[in-house]
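Understanding the architecture of this molecule
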Amino acid sequence: MIGATAERGHTGADHGVAHQVDTHSADVVVIGAGQAGLSAGYHLRRTGFPPGDGFVILDGDDGPGGAWQHRWPTLVFDRVHGFHDLPGLPLPPVQPHRPAAEQVRAYFAAYERTFDLPVRRPVRVRAVRSRPDGRLDVHTDQDRWIARALINATGTWTRPFWPHYPGRASFRGRHLHTADYRGPAEFAGLRVVVVGGGTSAVQLLGEVSTVAAATTWVTRRPPEFRDEEFGPELGRAAVARVDEAVRDGRPPGSVVGVTGLPVTPEVRRLRERGVLDRLPVFDRITPDGVAWADGRFVPADVILWCTGFRAAIDHLAPLGLRAPGGGITMAGTRVVADERIHLVGYGPSASTIGANRAGRAAVNEIRARLAPAPALD
């Protein structure tokens, strides 16, 4: 293993003024301490990578919990769309009507303590670059790490997607994204347009509709509601479609496009109230609402964009990993263009169970490349 050396390096600051930064070395740098990053840390520790010179986990948040700690307070655990235990430590019994953010945050914190994972936070990775000696330079807002391999587990929460529509800047009301949502109270008495066809859009629409003066739901495609139970066959179909995209170098698509929206008791209640009477997405935004080419107009005080997220991988841009299709060509968790880089919680592994499996798969490959040893069971 590489020794955990701490050197003094120089980096160029603004206006050409150089300043010193600490430089450290580790075999593997993991970026992100959500489900995928913690899973990777567990398997690195289990297979003999010591904390420090063997591996380190850099996390941009102030505390444990990954993206879960930022979920809206009204998302209680019995409304969570699937959650799987981290490897080696089962999730303790949950309280169904307590916020999921609180319970997952406590679980992740206990996990880090139980396995003594070397998480450093808050550390924000700015860029990853290649070195002439074949290793990687990981530049952060505090210091620099030199690594032989990198596991990127940054998820999507920090990159909300805002689609462009003509007139957006003219809107006199408020634009809000799922990532900014903190509960329905702030929408009391307002006219709200909810944009998006995913599970979060339906959940937030349901909450907001209880206090808003009016809600309008718009989606690009007609939503497909699924009455049958989400089983293994449907799950495999969803994963296969996303896996095909990343193997071809295309951006991973929406899993909801394959699985559809589950018809829960809440969805049935919303249907009965007429809340799910959907319109096709508008053509333009006006100062006072949204408008369609056929002359339809809906006044609005708030446009709530439940339009999803994109992979938070801008810090990898200096490596030139993107394929002509706009995505990153993958073979499992490994980036085809650079075998030193593994993406977990990306594409087909962007789920709680997928992130667990991806963490183990990435560590197996890294272990085989850096120091051949038997793979995990």
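Heads up: the structure comes first, above all this text.
First, a word on what this report is: a plain description of the structure on this page. Computed from a predicted structure; not experimentally measured. Numbering of residues starts from 1 in every chain and runs along the sequence as written. Per-residue local features are limited, in this predicted model, to residues with pLDDT of at least 70; the limit for side-chain atom pairs, both in listing and counting, is 80 or more; totals at the level of whole chains, interfaces and linings are taken over all residues. Side-chain calculation: all heavy atoms of the structure are included, whereas hydrogens and water are not.

**Observations regarding the packing of aromatic side chains**
- Ring pairs are drawn from Phe, Tyr and Trp, using the six-membered ring of Trp, whenever the two centres fall within 6.5 Å, and their geometry is named by plane angle: stacked under 30 degrees, edge-to-face over 60, tilted for the rest. Summed over all chains, the structure comprises 15 aromatic pairs.
- Among the aromatic residues, those joined into a ring-pair cluster are Trp68, Phe77, Phe83, Tyr107 and Phe108.
- We call a charge positioned above a ring when the Lys NZ or Arg CZ atom is no farther than 6 Å from the ring centre and deviates by at most 35 degrees from the ring normal. Lying over the aromatic face of Phe225, Arg271 brings its terminal NZ or CZ to 4.7 Å of the ring centre.
- Above the plane of the ring of Phe161 lies Arg310, whose end atom (NZ or CZ) is 3.8 Å from the centre.

**As for the environment of Ala110**
- Elements are defined by DSSP. Helices are runs of H or I of four residues or more, strands are runs of E of two residues or more, and each kind is numbered from the N terminus. When you line up the elements, Ala110 lands in helix H2 (residues 100-114).
- Using a relative accessible area of 21% as the deciding quantity, one classes Ala110 as partly exposed.
- In this structure the C-alpha to C-alpha distance between Ala110 and Pro64, which are 46 residues apart in sequence, comes to 9.1 Å. In this scheme, a residue with accessible area under 20% of its type's maximum is buried, one over 50% is exposed, and one in between is partly exposed, where area comes from a 1.4 Å probe on protein chains only.

**Some points on the packing of helix H1 (residues 35-46) against H2**
- Every axis corresponds to a line fitted to the C-alpha atoms, with the helix fit spanning only the stretch in contact, and the corresponding angles, defined between N-to-C directions, vary from 0 to 180 degrees. Taken N-terminus to C-terminus, the directions of H1 and H2 make an angle of 20°; their axes are 11 Å apart at the nearest point. When the axis of H1 is compared with that of H2, the two are roughly parallel. Viewed along their axes, H1 and H2 form a crossing whose handedness is left-handed. Contact residues: Gln35, Leu38 and Tyr42 in H1; Phe108, Tyr111 and Glu112 in H2.
- For this classification, Asp, Glu, Lys and Arg are treated as charged, while Ala, Val, Leu, Ile, Met, Phe, Trp, Tyr, Cys and Pro are nonpolar and the rest, including Gly, are polar. For the contact of H1 with H2, a count of residues per class yields four nonpolar, one polar and one charged. Oblique is the label for any angle not under 35 degrees, not over 145, and not in the 65 to 115 range, which are roughly parallel, roughly antiparallel and roughly perpendicular in turn. Note: crossing handedness is left-handed where the near helix turns anticlockwise from the far helix by less than a right angle, and right-handed where it turns clockwise. Throughout, a residue-residue contact means that at least one pair of heavy atoms, one from each residue, lies within 4.5 Å.

**Observations concerning the pattern of salt bridges**
- Any carboxyl oxygen of Asp or Glu that lies within 4 Å of a side-chain nitrogen of Lys or Arg is treated as forming a salt bridge with it. Scanning the model with the defined rule gives 17 salt bridges in all.
- We note a salt bridge from Asp133 to Arg135, for which the minimum N-O separation is 2.9 Å.
- Judged by its relative accessible area of 22%, Arg135 is partly exposed.
- Residues Asp314 and Arg159 are paired through a salt bridge, measuring 3.6 Å at the closest nitrogen-oxygen approach. One end of the pair, Asp314, is in the loop between strand E17 (302-305) and strand E18 (330-331); the other, Arg159, is in the loop between strand E7 (144-152) and strand E8 (174-177), with 155 residues separating them in the sequence.
- Taking the relative accessible area as the measure of exposure, Asp314 reaches 51% and is therefore exposed.
- Assessed through its relative accessible area of 30%, Arg159 is described here as partly exposed.
- What you see here is one network of salt bridges that share partners, running through Arg131, Asp133, Arg135, Asp137 and Arg144.

**Describing the sheet that holds E8**
- Two strands are said to pair when DSSP picks up at least two bridges between them. One open sheet accounts for five strands, arranged E8-E17-E9-E10-E13; its pairing is parallel. Unpaired on one side and paired on the other, E8 and strand E13 (278-280) mark the two borders of the sheet. In this sheet, neighbouring strand axes are inclined to one another by 25° on average, regardless of whether the strands run parallel or antiparallel.
- For strand E9 (residues 191-195) and strand E10 (residues 214-219), the ladder comprises five bridges, and the chain directions are parallel. Directly across from Val195, in E10, lies its bridge partner Val218.
- Of the strands in this sheet, E9, E10 and E17 are in contact with helix H3 (residues 199-208), which crosses E10 at around 170°.

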